[in-house]
Amino acid sequence: MDYALSASQKQVVEHIEGPLLVNSSPGTGKQLATVKRLANIIRNHKGNFKILILTFTRIEAQQVKERIEQEFEKEHKEVSDRFFIGTIHQFSKEIVETRGDTLGLSTKEIILIDSNEIENILKNILTSDSSLGSFYQNSPLEKNDKLIRDVSFYISNQKKMLKQPKLIKEHENEDQKFFDSIYYEYDLFLKSQSLIDIDDLILLAYRILNERASIKEIYQRIYKFACIFEAQDLTFASFELLRTLYPDKNSNIMFVGDKNQAIYSFRGSITSFMEEIENHYSPSIVNLTQNYRSSVEIISISKKLMPSSLNISANSAIKGEVILKEFENENAEAIWIADNIMNLVESNHKKLIQQIQWDNIAVIARNRYILRSIEKQFLKRNIPFANRTFGNLESESTLMKVFELGMRLIINPQDQYYIEQFQSLLKFKSSSIDHKKSFESGKVLLNYFEKHVADNWKDTYKILLKSWALIWGTEIRFSDALHLLENYFVSSSQTQDIEVLNIIISDINLWRDYWVNYASGAKEHNLLGFRNKVSSLSKVSSRGISLLTVHSSQGREFDVVYVIGLNEGIFPTNEETTDVDRNILYVAITRAKVLLYLSYTRSSIYSDNKKRIPSRFLREMGLL
Ligand SMILES: Nc1ncnc2c1ncn2[C@@H]1O[C@H](COP(=O)(O)OP(=O)(O)OP(=O)(O)O)[C@@H](O)[C@H]1O
């Protein structure tokens, strides 16, 4: 749709060369104006260059991509090769994959490990090295878990500050020596196995560009322009990487951000980079303050929650409603929301101009688990939804969790973490397992486990083995494996409980979507590539009501939004997190265009029906 742009939006669109900083409040059309500016550059600036567009999440990258495609639709112009659109991690991965050999890395198969695998490796280091691990080996379990988390946090922070592991110096204090020694050992281990973790990506890309001037120049020539979204969430490492490519006041770099929407402080984001950008680049500055998204009522409470956003002005043409609800517990909350949605869909609401579609509704929570009752209720009522939050295991049903774990063990049969999960899900007697045995392949391991599964799993395990057999060879028949499971469970009515069956079907469909998504894009099909792709997918394909954590909702908008679990202990989590949680809630409520439902519960089924009190933010917004 072609809108009449505001004067400030026009300023953004017309800015071509030199650094630019756009301060934008929620819903003020920063994405729209930015995409128009980038299209303007492609249309009017001659040369064979690309534009680097970095977003904070993959969902946002997908949105920007779609908007760019729309922008060029009428001209029937294919422009995808003129842009790199993705997160800073995706961009860094591309650099590491294509140029990592210059640092002596084997780049044929980069294996990206996740947080569970990191913790596993750290545990192994601490249990096998007596000089490092004496404290660990003699401590109670909970202390050990905390220590592993602390070490993992320390290493991650070192990498985020671009600090490489170093040999220990005598003068350092004991704690420092301990943490640094483990970082050193951990790094050696990763290198020996050609593994990298998520924080390595930026660190390695930074090193490649800094240590190899010729490569840096190639990137600078190709990516003549850059646009960085959610600049408030920049980390030290990403800022330094950008400064390497776009060093000074003549660089064509654009930053778009909003201090009040900084929600990633736990990942090492520092909002002062917004100031740093001003100091370092002396950019042209445009402030976007006219909100085009939300109704006057929603803007009014968001201003109360975030007084520093006072200059934001509402588009008075949009009328809506903010409704606060109190419930006994999460089940009552879920039932009411499901009823309310059915009412809205069937008979609409006077404030909604058009017939409401499932895709225009979102339920947003501070944490993923709070959405569980909603999911159950939607499944029961056949309300279509897509859980777009991120997690470790993708599957929800036990059956598909076991299938998924089997797949992970085919990729790496030594992975103790997944072996343990596998054993606990299938309730093996651990005494019957030979823990010292090592397996040369996932096939051998999964066959070995067959004799250990409990009686009630025996038949199912046989089917699972058949399905794994379709994916453990060189030719991967993933769709056939899913089909086999589906036939067994759905067609032969193996499972009587309809709720369990629903969850299995939704898992099988999810995996089918993932496979289609991967198989259509990859030249060669292998399980490792597939797993890496799945860990990086943001589940944007499926349709229905969006179930989101606030972090996965950033950059999106819906006609109707339910923000649930507005209780102390959740929103905010505690006193210390009040400021960042206020930003988080601010992002959540500003996703809504017309109707915003806020709710809290008097007690919680997730904590033994303990009493709960409403969030302080409800008072701040003048709703209590
Ligand atoms: N000039 C305009 N006239 C009318 N509508 C507009 C205009 N600019 C933007 N919009 C609409 O306002 C809504 C918000 O725009 P957009 O998604 O670009 O905001 P944003 O600044 O990226 O928001 P946020 O930071 O909250 O994610 C969109 O529905 C967009 O189409």
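Residues numbered from 1 in each chain as written. Predicted model: local features only at pLDDT ≥ 70, side-chain atom pairs only at ≥ 80, totals over all residues. Heavy atoms only, no water.

As recorded by an unreviewed UniProt entry, the chain carries the name DNA 3'-5' helicase and is attributed to Paenibacillus silagei.

### Here we look at a negative patch on the surface
Where like charges cluster on the molecular surface, the negative patch consists of Glu66, Glu69, Glu73, Glu78 and Asp81. Here Glu78 shows up in the loop between helix 3 (58–73) and strand 3 (83–87). Among the residues examined, Glu78 registers a relative accessible area of 61% and is labelled exposed. (Patch = residues over 30% accessible without salt bridge, like charges linked within 9 Å, V, L, I, M, F, W, Y side chains within 5 Å. Areas by Shrake-Rupley, 256 points an atom, 1.4 Å probe, with all protein chains shown as cover. Salt bridge = Lys/Arg side-chain N within 4 Å of Asp/Glu carboxyl O. Lys, Arg positive; Asp, Glu negative; His and termini not counted. Charge placed at Lys NZ, Arg CZ, Asp CG, Glu CD. Helix = DSSP H or I, 4+ residues; strand = E, 2+ residues; numbered from the N terminus. Buried < 20%, exposed > 50% of the residue type's maximum accessible area, 1.4 Å probe, protein only.)

### A look at the pattern of salt bridges
For side chains bearing opposite charge, pairing can occur when the charged atoms are close. Applying the stated criterion to the full structure yields 29 salt bridges. Put simply, Asp480 and Arg477 hold a salt bridge, and the shortest N to O gap is 2.9 Å. Of the charged contacts in the structure, one is a salt bridge between Arg512 and Glu486, with a shortest N-O distance of 2.7 Å. With a gap of 26 residues between them, Arg512 in helix 21 (residues 498–521) and Glu486 in helix 20 (residues 478–491) connect regions that are remote in the sequence. For Arg512, a relative accessible area of 25% gives the class partly exposed. Connected through salt bridges with shared partners, the residues Lys36, Arg43, Glu71 and Glu75 form a single ionic network.

### Examining the site of the ligand
Neighbouring the ligand are 18 residues, the closest being Gln9, Lys30, Arg293, Glu557 and Arg591. Arg67 places a polar side-chain atom, nitrogen or oxygen, 3.1 Å from an oxygen atom of the ligand. Side-chain polar atom of Glu557 to an oxygen atom of the ligand: 2.6 Å apart, as the coordinates give it. When the ligand is considered free in solution it has 640 Å² of accessible area, and contact with the protein chains removes 92% of it. The leading source of residues in the shell around the ligand is helix 2 (residues 30–44), at three residues. Taken together, the residues that form the shell around the ligand break down as six nonpolar, seven polar and five charged. (Near = heavy atom within 4 Å. Polar contact = N/O pair within 3.5 Å; in protein donor to acceptor, adjacent residues only side chain to side chain. Nonpolar A, V, L, I, M, F, W, Y, C, P; charged D, E, K, R; others polar.)

### Examining the packing of aromatic side chains
Enumeration over the complete set of coordinates arrives at 27 aromatic pairs. An angle of 50° between the planes, with centres 6.3 Å apart, marks the rings of Phe478 and Trp511 as tilted. Of this pair, Phe478 sits in helix 20 while Trp511 sits in helix 21, placing them 33 residues apart in sequence. For Phe478, a relative accessible area of 0% gives the class buried. Judged by its relative accessible area of 2%, Trp511 is buried. Both rings, one in Phe478 and one in Phe530, keep their centres 4.8 Å apart while their planes meet at 70°; by these two values the pair is edge-to-face. Residue Phe478 is found in helix 20, and its partner Phe530 is found in helix 22 (residues 527–536); the two are separated by 52 residues along the sequence. (Phe/Tyr/Trp six-rings, centres within 6.5 Å; stacked < 30°, edge-to-face > 60°.)

### Remarks on the sheet that holds strand 6 (residues 223–228)
Neighbouring strands of a sheet are bound in pairs by backbone hydrogen bonds; such pairs are parallel or else antiparallel. Spatial strand order, 3-2-6-7-1-8: six strands in an open sheet with parallel pairing. Looking along the sheet, the strands with just one partner apiece sit at the ends: strand 3 and strand 8 (284–288). Strand-to-strand twist across the sheet, computed as the mean angle between neighbouring axes with direction ignored, equals 15°. Bridge count between strand 1 (residues 20–24) and strand 7 (residues 253–257): four bridges; the pairing is parallel. Looking at strand 7, one finds that Leu21 is bridged to Phe255. Contacts between helix 1 (residues 7–14) and the sheet are confined to strand 1, strand 7 and strand 8, with strand 8 contributing the most and set at about 145° to the helix. (Pairing = 2+ DSSP bridges. Axes fitted to C-alpha atoms, helices over the stretch in contact; angles between N-to-C directions. Contact = heavy atoms within 4.5 Å.)

### Brief notes about empty space enclosed by the protein
Enumeration over the complete set of coordinates arrives at one cavity of 30 Å³ or more. What the largest cavity holds in volume is close to 80 Å³. Residue lining of the largest cavity: Leu54, Thr55, Phe56, Ile88, Ile228, Phe229, Glu230, Leu234 and Ser238, and that is the complete set. Counted by class, the lining of the largest cavity contains six nonpolar, two polar and one charged residues. (1 Å grid on protein atoms, 1.4 Å probe; cavity = no way out; pocket = protein on both sides within 12 Å on 5 of 7 lines; lining within 4 Å. Points joined across faces, edges and corners; volume = space filled by probe spheres on them.)

### Section: helix 24 (residues 578–589)
Between its first and last C-alpha atoms helix 24 spans 16 Å; for twelve residues at 1.5 Å apiece the expected length is 16 Å, and the two agree. Most of helix 24 sits inside the fold, with eleven of its twelve residues counted as buried. By the burial criterion, the buried members of helix 24 are Thr578, Val580, Asp581, Arg582, Asn583, Ile584, Leu585, Tyr586, Val587, Ala588 and Ile589. Those residues of helix 24 hidden inside the fold are in contact with helix 13 (296–305), strand 12 (361–365), helix 23 (550–553), strand 15 (558–563), strand 16 (592–601) and helix 25 (616–620). (Expected span 1.5 Å × (residues − 1).)

### Considerations on unusual backbone geometry
A cis amide bond links Phe571 to the next residue, Pro572, at an omega of 5°. For Pro572, the position within the fold is in the loop between strand 15 and helix 24. Notably, Leu162 is not glycine yet its phi reads approximately 60°, a positive angle. Taking the relative accessible area as the measure of exposure, Leu162 reaches 14% and is therefore buried. The phi dihedral of Ser282 is positive, around 40°, even though this residue is not glycine. Mapped onto the secondary structure, Ser282 falls in the loop between helix 12 (273–281) and strand 8. On the basis of relative accessibility, which here comes to 43%, the residue Ser282 falls in the partly exposed class.

### Section: the nonpolar core
In this structure, Phe91, Tyr186, Leu234 and Phe255 are the most contacted members of the largest nonpolar core, which totals 56 residues. Ignoring any residue separated from it by four or fewer positions in sequence, one finds Phe91 in contact with Leu52, Leu54, Phe84, Tyr219, Tyr223 and Leu245. By size, the runner-up hydrophobic cluster in this structure holds 44 residues, among which are Tyr418, Tyr448, Phe478 and Trp511. (Core = buried A, V, L, I, M, F, W, Y, C linked by side-chain atoms within 4.5 Å.)

### With respect to the environment of Glu568
The residue Glu568 is located in the loop between strand 15 and helix 24 in this model. For the pair Glu568 and Tyr600, spaced 32 residues apart in sequence, the C-alpha to C-alpha distance is 9.3 Å.

### Looking at the pairing of strand 15
Within strand 15, six of the six residues are buried, leaving the element largely enclosed by the surrounding structure. Sheet topology note: the strand 15/strand 16 ladder contains five bridges and is parallel. Note on strand 16: the bridge partner recorded for Phe558 is Ala592. At this point the chain moves from strand 15, through helix 24, to the parallel strand 16, and the crossover so formed is right-handed. (Right-handed = clockwise from strand over helix to strand, strands pointing away.)

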